[in-house]
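Spelled out from the first residue to the last, the chains are:
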Amino acid sequence: MSETTPLALELKHVTKVFGNIVANDDVEMELRRGEVLAILGENGSGKTTLMNMISGIYHPDSGEIYIDGKHVTIASPKDAFSYGIGMVHQHFKLVDVFSATENIILGIHEDKFNLNKSAEKIAEIAARYGFEMDPNKKIYEMSVSEKQTVEILKVLYRGADILILDEPTAVLTPQETEKLFRVIRRMRDDGKSIMIITHKLHEVMAISDRVAVLRKGRHIATVDTASTTQNELTEMMVGERVSLNIDRAKIEETPDRLNVSGLSLVNFEGIRILDDISFTAKSGEILGIAGVAGSGQRELLEIIAGLQTPTSGSIEYHDPSNNKTVDLRSKTPLQIRDLGVRLSFVPEDRLGMGLVGNMDIIDNMMLRSYRKGKTVFVDRQPPKALAEKIIDSLKVVTPSAKTAVRKLSGGNVQKVLVGREIAAAPTVLMAAYPVRGLDINSSYMIYKLLNEQKENGVAVIFVGEDLDVLLELCDRILVICGGRVTGIVDGRTAKKEEIGLMMTKAKGGETHVE
Amino acid sequence: MSSEITGKKIKEHEPLITISRRKSMAFWVRLAIRAGSVLVALIVCGLITRFVTGDDPISVYSTMLEGNFGDLDKMWYMFYNLAMLLGVALALTPAFRMKFWNIGGEGQVLIGGLATAVCMIALGGRIPDWSLILVMLISSVTAGAVWGIIPAAFKAKWRTNETLFTLMMNYVAMYLIKYFIERVDQSGSHTVGPKLLSHGWLPTVLGEQYLLNIIVIAALTVIMYAYLNYSKHGYEISVVGESENTARYVGINVKKVIIRTMALSGALCGLIGFLLVGGFSHSIDPNIADGRGFTAILVSWLAKFNPFTMVVTSFLIVFMDLGAEEIATKFGINPSFSDIMTGIIIFFIIGCEFFINYQIHFRKKAAKEAE
């Protein structure tokens, strides 16, 4: 790749403003023919807005777009196609009951409608780039990665030679990611230009030729991947030096806290969500839970927290100080609390379950404690003090403690939630995807908080999606697939690929109960 | 972001008008926009009245003022109407804060009134008046509560739609009153008046027949404000309304809160029925609630469920209503004229919320020059 490689796409002074928010500010960017350009940036840095302007969904307020050196106006996604630009969105747009072929040719006006011919053409494209695909398979029978393949084939079929992939690996296992990367490399060698949006650094290093870094809507720099490091990229992305280390202490004494055995859940449709789950969570340890999204993680945590009733199995809480064991199964959250079990839970759905978006920080602090006191009135003084303490100690960026939490950014919302749950001095702390959507600094603050809790002797259960983080943070990792435990590995010695395999081990996890 | 779906190549940079959400707005600006909308509404009302009656706009307004504050009797009547409408709105508000759309206020008021009337007929003259009033109070509040609990229990247990359910309960209450009238009154007058309901009249305060009801509602306003904002129950109501999942997560018994809150809402509606029948009209017919069960929904919404703001919104509606009624009488226009006036003012009040929440941008000139 040299400086003289022809440019496929060029952005000049592109600016887009939404209300008071400048989503993209005077962005300059170049995409060469036959290269993979990674677009790197934190949430809210303007990556998706920029890509949406290239693919005709938005229109820039000012600035120009050039394709093959010619100034173009892209007024619609159709326009974008006519210039050979195809975007694969993070959320798939497919018709479930149609086959792959039917989905791919949907909306294309060809001279003659001939499904078989189209299927042949699709198979040919698939073979050229190394996709594994059955053109006649229906979408609802497909796995997530197969659906993604259909989306990519859809844009290739329409003759796109500039492909934009929006966070394509977010939903894939390591093996599937590797497969996708092989395909991307073949497309690049075939002369296609590929822009891939991501915030995972190791993937940037693995797949891209160059990296364009965005921060707060501005284009910071475009660098050659080979001549940069992960630390350098992070610094550009965040705007300051951050340490990417997670200190994992080894706690000597780790008595059992929570014994889950034979836990099963069959939902009202008769689908087995959890199947014979057994594990032990120990004090002074972070137990990671790895698995493809929707493998039963949410239900597992909700059952432990007393929000759902399992079909069978037991949950026993063990108190090492007096050697007593209590049964938590089928107890409501209040009953669990009355048993003297301090169980804190940071749910996946922060504003829909953990917090009330329209209430201010003080009232959200009160969620756990409003029952205190004998009068019929609530006492807002203690929660106010707690809110101010959390704002101060966790550096929550907010106008005041009286600001509705939905007005805060994702990272600050999470700090409020985690802060409150930790303030309850838990003995068991469960956190589901606690860093999803968070910026790097906030993410590392959350890891630090979890580690502190662990060092204080709390049994921490951490449901995560980023295997690299799970391997750096957790002492043990429980892998589940389709509601079944497929392995428990040591976080210090396990390999990513090994966990990836376990995540997809049991095929067709959803089994119907007769 | 809209015109780009057409597929044609438009050499245009941006739609002419884009609308975006406002971030925030100073309190006084919001107040000014709302006050302005009322002003514009009054001007439009004046113009329309001018057009229909030929009266000049200034005298239209003075006629409206006259209808409300013309003499002492009118003023008392205005405050009484304000109190009764506000009372129903206060009763509905706990349910609304819980996002339980109780549109059965009318029926709950009616059933409370019916219970009162039944007590007056059945026990009137047989027991001392003070104990009769106590029985009337208890039975009207209970009847209203039952009318609230029934849809709430179905919602909590089987997730039935509360809007339809409460609406239907209105008709049940209405027909029960009709049945009651048929049974008690043989004259066929479709109303059971003070002659039959001769016992159990609420005492007058300082010789003013309206004053007791007004005092009760004033007290209720303060109590309701404290209940909603400072009590544990009020807090639970807000949490359940915002997110049932969060409520479950912190161990709130959602079903219990739904039923308890609707019992309260219905009970207070029943109380209004008691005040209407026992405290003022001493008669019963299916129109005693006079649509307040529905108008109160509006009062509550416009005030964003804040009891003190509801005083203002119910005044606004009562003022328009009585003012337009006065115009209708003075010029001999159909009484529906007052509904038109009320409609106009509500249109403007609700419409101005758009300008409070959203900002309108016009395409910048710079974009055109870039062509």
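Each chain carries its own residue numbering, running from 1 in the written order of its sequence. Written order decides the labels, with chains lettered from A and ligands numbered from 1. In view of the model being predicted, local features appear only for residues whose pLDDT reaches at least 70, and side-chain atom pairs are presented and counted only at 80 or more, with totals across whole chains, interfaces and linings using the full set of residues.

Caption draft 1: Local environment of the overall build of chain B. Under the scheme used here, helices are H or I runs from DSSP no shorter than 4 residues and strands are E runs no shorter than 2 residues, and both carry numbers assigned from the N terminus. A count of helices and strands for chain B gives 14 helices and two strands. Each principal axis of the C-alpha atoms in chain B carries an extent, and together these give about 90 × 60 × 35 Å. Out of the 371 residues belonging to chain B, those deemed buried represent 43%. For chain B, the proportion of contacts with a sequence separation of at least 24, taken over those separated by at least 6, is 77%. Here the C-beta atoms are placed from the backbone, and a residue counts as buried if at least 20 other C-beta atoms lie within 10 Å of its own, exposed if 12 or fewer do, and partly exposed otherwise. A pair of residues counts as a contact when their C-beta atoms, built from backbone coordinates, are within 7 Å of each other.

Caption draft 2: Representation of the overall build of chain A. A count of helices and strands for chain A gives 17 helices and 20 strands. The atom set for the radius of gyration is the C-alpha atoms, and the globule formula is 2.2 Å times the number of residues raised to the power 0.38. The C-alpha radius of gyration of chain A comes to 25 Å, within 12% of the 24 Å expected for a compact globule of 514 residues. Its C-alpha atoms give chain A principal-axis dimensions of roughly 75 × 55 × 45 Å. Among the 514 residues that make up chain A, the fraction classed as buried is 46%. Restricting to contacts in chain A with at least 6 residues of sequence separation, those with at least 24 account for 69%.

Caption draft 3: Just the pairing of strand 1 (residues 7-18) of chain A, in detail. Across eight bridges, the pairing between strand 1 of chain A and strand 2 (residues 21-32) of chain A is antiparallel. Counted as the bridge partner of A:Lys16 is A:Asn24 from strand 2 of chain A. Strand pairing is assigned whenever DSSP detects at least two bridges linking the two strands.

Caption draft 4: A look at the domain arrangement of chain A. All names here are of chain A. These domain limits were set by an automatic method or by a database of domain assignments. With domains assigned, chain A is organised as domain 1 (7-238) and domain 2 (256-503). Computed from C-alpha atoms alone, the centre-to-centre distance between domain 1 and domain 2 is 35 Å. Elements supplying a minimum of two residues to the side of domain 1 that touches domain 2: helix 6 (174-189) and helix 8 (230-238).

Caption draft 5: How the structure looks around the nonpolar core. For this analysis, nonpolar core means a set of buried Ala, Val, Leu, Ile, Met, Phe, Trp, Tyr and Cys residues linked through C-beta atoms within 7 Å. Within the largest apolar cluster, 183 residues are counted, with the highest numbers of intra-cluster contacts made by A:Met430, A:Phe462, A:Val479, B:Leu85, B:Leu86, B:Val88 and B:Ile272. Residues within four places of B:Ile272 in sequence aside, it is in contact with B:Met84, B:Gly87, B:Val88, B:Ala91, B:Val109 and B:Gly112. Membership of the second largest hydrophobic core comes to 57 residues, among which are A:Val14, A:Leu163, A:Ile194 and A:Ala212.

Caption draft 6: Quick peek at the packing of helix 3 (residues 72-97) of chain B against helix 11 (residues 292-302) of chain B. All names here are of chain B. Whenever a helix is involved, its axis is fitted only over the stretch in contact; in every case the axis is a line through C-alpha atoms, and angles between N-to-C directions fall within 0 to 180 degrees. Between helix 3 and helix 11, the shortest axis-to-axis distance is 8 Å and the interhelical angle comes to 65°. Comparing the axis directions of helix 3 and helix 11 gives the class roughly perpendicular. Between helix 3 and helix 11 the crossing geometry is right-handed. Where helix 3 approaches helix 11, its residues Met-84, Leu-85, Leu-86, Val-88, Ala-89, Leu-92, Thr-93 and Phe-96 are matched on the opposing element by Arg-292, Gly-293, Thr-295, Ala-296, Ile-297, Val-299 and Ser-300. Residue composition of the contact of helix 3 with helix 11, grouped by class: 10 nonpolar, four polar and one charged. Any angle between 65 and 115 degrees counts as roughly perpendicular, while under 35 counts as roughly parallel, over 145 as roughly antiparallel, and the rest as oblique. Put simply, a crossing is left-handed when the front helix is turned counterclockwise from the back one by less than a right angle, and right-handed when it is turned clockwise. Any residue that is not Ala, Val, Leu, Ile, Met, Phe, Trp, Tyr, Cys, Pro, Asp, Glu, Lys or Arg is counted as polar, Gly included; the first ten are nonpolar and the last four charged.

Caption draft 7: The arrangement of the sheet that holds strand 12 (residues 272-282) of chain A in detail. All names here are of chain A. Taken in spatial order, the four strands of this open sheet run 12-11-14-15, and their pairing is antiparallel. If you trace the sheet from one side to the other, it starts and ends with strand 12 and strand 15 (324-327), each paired once. The mean inter-strand angle of the sheet, taken between neighbouring strand axes irrespective of direction, is 15°. Relative to the sheet, helix 9 (residues 297-304) contacts strand 11 (256-266), strand 12 and strand 14 (312-319), its axis offset from that of strand 12 by approximately 60°.

Caption draft 8: Representation of the sheet that holds strand 18 (residues 459-463) of chain A in the model. Residues and elements named next belong to chain A. One open sheet accounts for six strands, arranged 16-17-18-13-19-20; its pairing is mixed. Sheet topology places strand 16 (343-346) and strand 20 (484-490) at the edges, where each strand pairs with a single neighbour. Neighbouring strand axes in the sheet, compared pairwise and without regard to direction, differ in orientation by 15° on average. Bridge count for strand 13 (residues 285-290) against strand 18 is five bridges, and the pairing is parallel. Paired with Ile-289 across the strands is Val-463, a residue of strand 18. Helix 9 contacts strand 13, strand 16, strand 17 (428-432), strand 18 and strand 19 (476-481) of the sheet and is inclined by roughly 155° relative to strand 17. Across the sheet, helix 17 (residues 496-503) lies against strand 13, strand 19 and strand 20, angled at about 30° from strand 19, the strand it touches most.

Caption draft 9: Up close: the domain arrangement of chain B. All names here are of chain B. Domain parsing of chain B yields domain 1 (1-54 + 334-371) and domain 2 (71-321). Averaged C-alpha coordinates put domain 1 and domain 2 at centres separated by 36 Å. In this assembly, six residues from domain 1 lie in contact with six residues from domain 2. Partitioning the side of domain 1 that touches domain 2 into residue classes produces four nonpolar, two polar and no charged.

Caption draft 10: Here's a closer look at helix 6 (residues 162-184) of chain B. Residue and element names in this part refer to chain B. A helix is expected to span 1.5 Å for every residue after the first. Counted at 1.5 Å a residue, the expected span for helix 6 with its 23 residues is 33 Å, and the 33 Å between its end C-alpha atoms agrees. Those residues of helix 6 lying buried are Glu-162, Thr-166, Met-169, Asn-170, Ala-173 and Ile-177. Where helix 6 is buried, its residues touch helix 4 (105-123) and helix 5 (129-158).

Caption draft 11: Representation of the confidence of the model for chain B. Residues and elements named next belong to chain B. Model confidence for chain B is summarised by a mean pLDDT of 85, while 91% of its residues fall at 70 or above. Residue-level confidence of the predictor is summarised by pLDDT, bounded by 0 at the bottom and 100 at the top. Note on residues 1-12: pLDDT under 50 across the span, and 17 contacts to partners over four residues away in sequence or across chains. Low pLDDT, under 50, characterises residues 365-371; the predicted model gives this stretch eight contacts beyond four residues in sequence or across chains. We note a pTM of 0.78 for the whole complex and an ipTM of 0.79 for its interfaces.

Caption draft 12: Expanded view of the environment of A:Asp25. The topology assignment puts A:Asp25 in strand 2. Setting aside chain neighbours within four positions, we find A:Asp25 in contact with A:Thr15, A:Gly217 and A:Arg218.

Caption draft 13: Region of interest: the pairing of strand 14 of chain A. Residue and element names in this part refer to chain A. Alignment of strand 11 against strand 14, held across five bridges, turns out to be antiparallel. Counted as the bridge partner of Asn-259 is Glu-316 from strand 14. Where strand 14 meets strand 15, four bridges bridge the pair, whose relative direction is antiparallel. The residue of strand 15 that forms the bridge with Tyr-317 is Val-326. Counting the residues that bridge the hairpin from strand 14 to strand 15 gives four residues, and of these Asn-323 lies at a positive phi of roughly 60°.

Caption draft 14: Here's a closer look at unusual backbone geometry. Residues and elements named next belong to chain A. Backbone geometry places His-13, a non-glycine residue, at a positive phi of 50°. Mapped onto the secondary structure, His-13 falls in strand 1. His-13 gets classed as exposed once you count the C-beta atoms within 10 Å, which come to 12. In this structure, Ser-330 is a non-glycine residue whose phi angle is positive, near 60°.

Caption draft 15: Expanded view of helix 15 (residues 440-455) of chain A. All names here are of chain A. Relative to the 22 Å expected for 16 residues at 1.5 Å per residue, helix 15 spans 23 Å between its end C-alpha atoms, a close match to the ideal helical length. By the burial criterion, the buried members of helix 15 are Ser-442, Ser-443, Ile-446, Tyr-447, Leu-449, Leu-450, Gln-453 and Lys-454. On an axial view of helix 15, the arc spanned by its buried residues comes to 160°, and they lie on one face. Exposed residues lying more than 90 degrees from the buried face of helix 15 are Lys-448 and Glu-455. Residues of helix 15 that are buried make contact with strand 13, helix 14 (410-423), strand 17, strand 18 and helix 16 (467-473). Gly-457, located one to two residues past helix 15, shows a positive phi value of around 90°. Arc, as used here, means the arc of the directions from the helix axis to the C-beta atoms.

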